[in-house]
Structures are given as C-alpha cells and as structure tokens.
Amino acid sequence: MNVETIKTGKCPVCGSNEVYDNREKNPIGYRGFISVSAMYSFNIEAFVCLNCGYFKEFIKDADLKNEKIKDKIKEKWNKTDRANIG
Ligand SMILES: [Zn+2]
C-alpha cells in the first residue's frame, strides 16, 4: 500500500519539500513521549511543513514494534471505531 505520508519529506497537503522533523532531537518543552502506564511510554516524533503548517505526530517505529507497549495501549485505551464517536 502506498500511503501518502509526510514521513517521505514531501508534504501530503501542499506538495512542498519544506518538511522538517524532530527525530533525534529533544526540543525544550516538547512532549517527547506519552505515558501508557507506570512502566511503559511511547516516544513521539513530530513532522511539520513550513509551507502550509501541516503538522503530524507519530509513535516512533521502534515503539510500534514493541509488543509490550502495544499490549498496554490495547489494555488501557479505547479501541476507536465509528460506534464510539460521540
Ligand atoms: Zn504543506
């Protein structure tokens, strides 16, 4: 599947290449992670298009492959589906 994503360095909204990310950076004040439980959290990486302002956050790939973190999310968070909206 070929999903349009800002991760390629090209903005999926305006097509600009003025895309920056904070991977391997740790900006002061930026929430670099989200706690899932007392023991587990996942790291966030952010992407921004400086042309149109499109902004997107992702869980780091390494955390997406971490089954313990994913199990905790499945345990603690709601499964999102249409029936739960509103
Ligand atoms: Zn853009």
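Residues numbered from 1 in each chain as written. Predicted model: local features only at pLDDT ≥ 70, side-chain atom pairs only at ≥ 80, totals over all residues. Heavy atoms only, no water.

Caption draft 1: Representation of the packing of aromatic side chains within the structure. Counted under the stated rule, the structure contains two aromatic pairs. Between Phe47 and Phe58 the ring centres are 5.7 Å apart and the planes differ by 90°, which places this aromatic pair in the edge-to-face class. Placement of Phe47 in strand β3 (residues 41-49) and of Phe58 in strand β4 (residues 55-59) is noted, with a sequence separation of 11 residues between them. Phe47 gets classed as buried once you look at its relative accessible area, which sits at 1%. The ring of Phe58 carries Lys7 above its face, with NZ or CZ at 4.3 Å from the centroid. (Phe/Tyr/Trp six-rings, centres within 6.5 Å; stacked < 30°, edge-to-face > 60°. Helix = DSSP H or I, 4+ residues; strand = E, 2+ residues; numbered from the N terminus. Buried < 20%, exposed > 50% of the residue type's maximum accessible area, 1.4 Å probe, protein only. Lys NZ or Arg CZ within 6 Å of the ring centre and 35° of its normal.)

Caption draft 2: Representation of the coordination of the zinc ion within the structure. All of the protein donors around the zinc ion are Cys11 (SG), Cys14 (SG), Cys49 (SG) and Cys52 (SG); their distances to the metal are 2.3 Å. If you look at the zinc ion, its four donor atoms make angles of 107 to 114° with each other, and the shape they trace is tetrahedral. Donor residues for the zinc ion sit on one chain with the sequence pattern C-x2-C-x34-C-x2-C. With Cys14 in the segment before β1 (19-21) and Cys49 in strand β3, the pair connects residues that are 35 residues apart, well separated along the chain. What makes Cys14 partly exposed here is its relative accessible area of 34%. Using a relative accessible area of 1% as the deciding quantity, one classes Cys49 as buried. (Donors = N, O, S within 2.8 Å, 3.2 Å for Na, K, Ca; no water. Tetrahedral: all angles 85-135°; square planar, octahedral: opposite > 155°, others 65-115°.)

Caption draft 3: Seen up close, the nonpolar core. Among the nonpolar cores identified, the biggest contains six residues, and these are Ile6, Cys11, Val19, Phe47, Cys49 and Phe58. Leave out the neighbours within four places in its chain, and Val19 touches Ile6, Gly9, Lys10, Cys11, Val48 and Cys49. Grouped together as the second largest cluster of nonpolar side chains are five residues, Phe42, Ile44, Ile69 and Ile73 included. (Core = buried A, V, L, I, M, F, W, Y, C linked by side-chain atoms within 4.5 Å. Contact = heavy atoms within 4.5 Å.)

Caption draft 4: Representation of the side chain of Asn22. Its location among the elements puts Asn22 in the loop between β1 and β2 (33-35). Asn22 gets classed as buried once you look at its relative accessible area, which sits at 12%. A polar contact is formed between the side chain of Asn22 and the backbone nitrogen of Ala46, at a distance of 2.8 Å. (Polar contact = N/O pair within 3.5 Å; in protein donor to acceptor, adjacent residues only side chain to side chain.)

Purely geometric stuff here, so don't read any function into it on its own.
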